[in-house]
Amino acid sequence: MPLVVIDSLLATPTGAGCPLCQEQGTDFMGSTGHGFSVLVGILWALLGLLWIFVPFAIFGIKGLLKQIVAEQRRTNEILSRVHGDRLPPASPEPQPFRVGPYP
């Protein structure tokens with residue numbers, strides 16, 4: 001009997017189901033397994049759509065970012081003319097700590 005079941009499993013095409021399960025009247029995956037497969041398929045489809053559309057969104061935003069940077073530079077120029085440079089004067093560059101020779 002086991003040899004017949006193995007032969008029949010090997011002879012069934014993919015997706016035909018398990019003959020042993022069909023004889024017993026049970027489905028191995030049940031409705032939960034099929035629902036999970038549909039969910040995974042939907043998630044893969046959404047990921048594929050994101051993979052396609054995200055580069056277009058990035059290139060679309062690029063021009064807007066250039067406009068924002070130009071406006072910010074113009075605003076900084078106006079502020080520096082009105083209030084002058086408000087940056088603190090440059091301080092001397094810090095020197096690293098060096099250990100002197102041991103006496």
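These figures come from a predicted structure and were not determined experimentally.

Trainee: Would you explain the overall build of the protein chain in this entry?
Mentor: When you go through the protein chain residue by residue, the secondary structure sums to 3 helices and 0 strands. Going residue by residue from the N terminus, the α and β elements of the protein chain occur as α-α-α. Accessible surface for the protein chain amounts to roughly 10000 Å². Of this, 70% is attributable to carbon and sulfur atoms.

Trainee: Explanation requested: the pattern of salt bridges in the structure shown.
Mentor: A pair can form between side chains of opposite charge whenever their charged atoms are brought close. Throughout the structure, instances matching the rule amount to 2 salt bridges. Here R74 ties to E71 by a salt bridge, and the two come within 2.9 Å at their closest N and O atoms. Taken together, the residues R74 and E71, both in helix α3 (residues 30–83) and 3 residues apart, mark about one turn of the helix. A relative accessible area of 39% means that E71 is categorised as partly exposed.

Trainee: Looking at this structure, I do not really get the confidence of the model for the protein chain. What am I missing?
Mentor: Detailed reading of predicted coordinates is not advised where the pLDDT is low. Across the protein chain, the average pLDDT comes to 75, with 61% of residues at 70 or higher. Put simply, helix α1 (residues 2–11) is where the protein chain has its lowest mean pLDDT, 52, and α3 is where it has its highest, 88.

Trainee: Help me understand a nonpolar patch on the surface in this model?
Mentor: A surface patch of nonpolar side chains, about 1000 Å² in accessible area, is lined by F36, V38, L39, I42, L43, L46, L49, I52, F53 and F56. Its place among the elements puts L49 in helix α3. Taking the relative accessible area as the measure of exposure, L49 reaches 43% and is therefore partly exposed.

Criteria and thresholds
For every chain, the first residue of the written sequence is number 1, and numbering continues from 1 along that sequence. Restriction of local features to residues with pLDDT of at least 70 applies here, the model being predicted, together with a cutoff of 80 or more for giving and counting side-chain atom pairs; totals for whole chains, interfaces and linings are based on all residues. Only heavy atoms go into the side-chain values, all of them from the structure, while hydrogens and water stay out. Helix numbering and strand numbering both begin at the N terminus, where a helix is a DSSP run of H or I of at least 4 residues and a strand a DSSP run of E of at least 2. What sets the accessible areas is the Shrake-Rupley method with a 1.4 Å probe; for residues, cover comes only from the shown protein chains. Counted as salt bridges are all cases of a side-chain nitrogen of Lys or Arg within 4 Å of a carboxyl oxygen of Asp or Glu. Buried means the residue's accessible area, taken with a 1.4 Å probe over protein chains only, is under 20% of the maximum for its type, while exposed means over 50%, and partly exposed covers the values in between. pLDDT is defined as a per-residue confidence score from the predictor, taking values between 0 and 100. Excluding any residue in a salt bridge, patches collect residues exceeding 30% relative accessible area, merging like charges within 9 Å and nonpolar Val, Leu, Ile, Met, Phe, Trp and Tyr side chains within 5 Å.

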